[in-house]
Amino acid sequence: MSSPLPPRLTLEELSQLTAPLPDVELHGIDMGWYIVRLHRDESVSVLVNPQGETKRFSGTQWVSRALAPLGFTHGILTWADAADEMIGNPTPPVSAQQRLEHGVRVAFATRH
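Residues numbered from 1 in each chain as written. Predicted model: local features only at pLDDT ≥ 70, side-chain atom pairs only at ≥ 80, totals over all residues. Heavy atoms only, no water.

Peer 1: What exactly am I supposed to notice about the overall build of the chain here?
Peer 2: When you go through the chain residue by residue, the secondary structure sums to 4 helices and 7 strands. Sequence-ordered secondary structure for the chain, helices as α and strands as β, is β-α-β-β-β-β-α-β-α-α-β. Burial analysis of the chain (112 residues in total) assigns 34% to the buried set. For the chain, the proportion of contacts with a sequence separation of at least 24, taken over those separated by at least 6, is 67%. A total accessible area of about 7,400 Å² is found for the chain, and carbon and sulfur atoms account for 53% of it. (Helix = DSSP H or I, 4+ residues; strand = E, 2+ residues; numbered from the N terminus. Buried < 20%, exposed > 50% of the residue type's maximum accessible area, 1.4 Å probe, protein only. Contact = heavy atoms within 4.5 Å. Areas by Shrake-Rupley, 256 points an atom, 1.4 Å probe, with all protein chains shown as cover.)

Here you go:
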């Protein structure tokens, strides 16, 4: 069994992980920004910059350019939908597994 992921990982730390590679979640947030969550077994880690702040990407191609050289071939695109919350409907929490099951697969096939 693989070891659990820490709560945060930099690209450098991610490059040092042993197999199996974690699943990649590209989470779309407001204004066209994306953050990366990494999933392995029951653990979830957020990709951060060297200062420990959540690393934001302005497009999926930038995620691809960062992760493809590390051996990642694809990720699952997920997004937060605040529409129900904005109109007062109850919004039950969504688990990491549910996000990944209902996301959209994105290939990391960046052409330079």
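Read on, since the account is not over.
Peer 1: How should the pairing of strand 3 (residues 33-40) be read in this particular structure?
Peer 2: The two faces of a sheet get side chains in turn, since along a regular strand they alternate between them. Judged by how many residues are buried, strand 3 sits mostly within the fold: 7 of 8 residues are covered. As defined by bridge partners, strand 3 adjoins strand 5 (residues 56-57) across 2 bridges and the pair is classed as antiparallel. When the sheet's bridge partners are listed, Tyr34 is paired in strand 5 with Phe57. Taken together, the 4 bridges between strand 3 and strand 4 (residues 43-47) define a ladder with antiparallel strand orientation. (Pairing = 2+ DSSP bridges.)

Peer 1: I'm lost on the side chain of Thr10 in this one. Help?
Peer 2: Relative to the elements of secondary structure, Thr10 occurs in the loop between strand 1 (8-9) and helix 1 (11-15). Note on Thr10: relative accessible area 15%, which makes it buried. Leaving out residues up to four positions away in the same chain, Thr10 has contacts with Leu47, Val48, Asn49 and Pro50.

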